[in-house]
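Fold and contact review
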Amino acid sequence: MRKENLMNKTAIKHGFSILALFIFVLLSLGSVDTEQGTKSVQSQPTKYKLAANELFRAYERNEVAADSKYKGEVVEVSGIVRDIGKDFMGNIYIVIGGGGFLDGVQCTFPKSEANAVAKLSKGHRVTVKGKVQGKMGNVLIEKSRLL
């Protein structure tokens, strides 16, 4: 009976490991900002032009209403660069607007934009065009280009 319990525990551990790996792979594939996808977004007309703080406040007031208006739409947002970096998957991003923790707009860029992003400094005023993905801490914009 002890051998059977040990086998069940091992099977459960392996099952969790496989599930965790599967979730990680799905997240990895979903977060890749391809050049082709960026070109597609950049070729679309801009639906809204607004300040990054304005977009964030809309999500803060009512995330459901903001998603129905902005999610999936191509926007141009302007603001002050607060952070520049790479996420855990190596995707390039900047955070514009806000002033505290997770209260700005995070814009992700394809690798082809690395040189342009590398020239930025915190405190620069920028305008970014990209597609709104909703709010997860920051408001997320993907497939971005600096204008």
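Treat the numbers as computed from the prediction; the structure is a model and nothing was measured. (Residues numbered from 1 in each chain as written. Predicted model: local features only at pLDDT ≥ 70, side-chain atom pairs only at ≥ 80, totals over all residues. Heavy atoms only, no water.)

A word on the overall build of the protein. Helix and strand content of the protein: five helices and six strands. Start at the N end of the protein and walk to the C end: the helices and strands fall as α-α-β-α-α-β-β-β-α-β-β. Counting the 147 residues in the protein, one finds 34% classified as buried. In the protein, the share of contacts with a sequence separation of at least 24, taken over all contacts with a separation of at least 6, comes to 63%. Just so you have it, the protein exposes about 9,200 Å², and 59% of that area is on carbon and sulfur atoms. (Helix = DSSP H or I, 4+ residues; strand = E, 2+ residues; numbered from the N terminus. Buried < 20%, exposed > 50% of the residue type's maximum accessible area, 1.4 Å probe, protein only. Contact = heavy atoms within 4.5 Å. Areas by Shrake-Rupley, 256 points an atom, 1.4 Å probe, with all protein chains shown as cover.)

On the secondary structure map, alanine 52 appears in helix 3 (residues 52-61). In this structure alanine 52 touches Val77, Ser78, Ile96, Gly97 and Val105, once residues within four positions along its chain are discounted.

Where a strand is regular, its side chains alternate between the two sheet faces. Of all nine residues that make up strand 6 (residues 138-146), seven are buried, and the element is covered over most of its length. Linkage of strand 5 (residues 125-136) to strand 6, two consecutive antiparallel strands, is achieved through a turn of one residue, within which glycine 137 is found at a positive phi near 85 degrees. (Pairing = 2+ DSSP bridges.)

Confidence along the protein averages 84 in pLDDT terms, with 77% of residues attaining 70 or more. In this model, residues 24-31 is a region of pLDDT below 50 whose contacts with residues beyond four sequence positions or in other chains number five contacts. (pLDDT = per-residue confidence, 0-100.)

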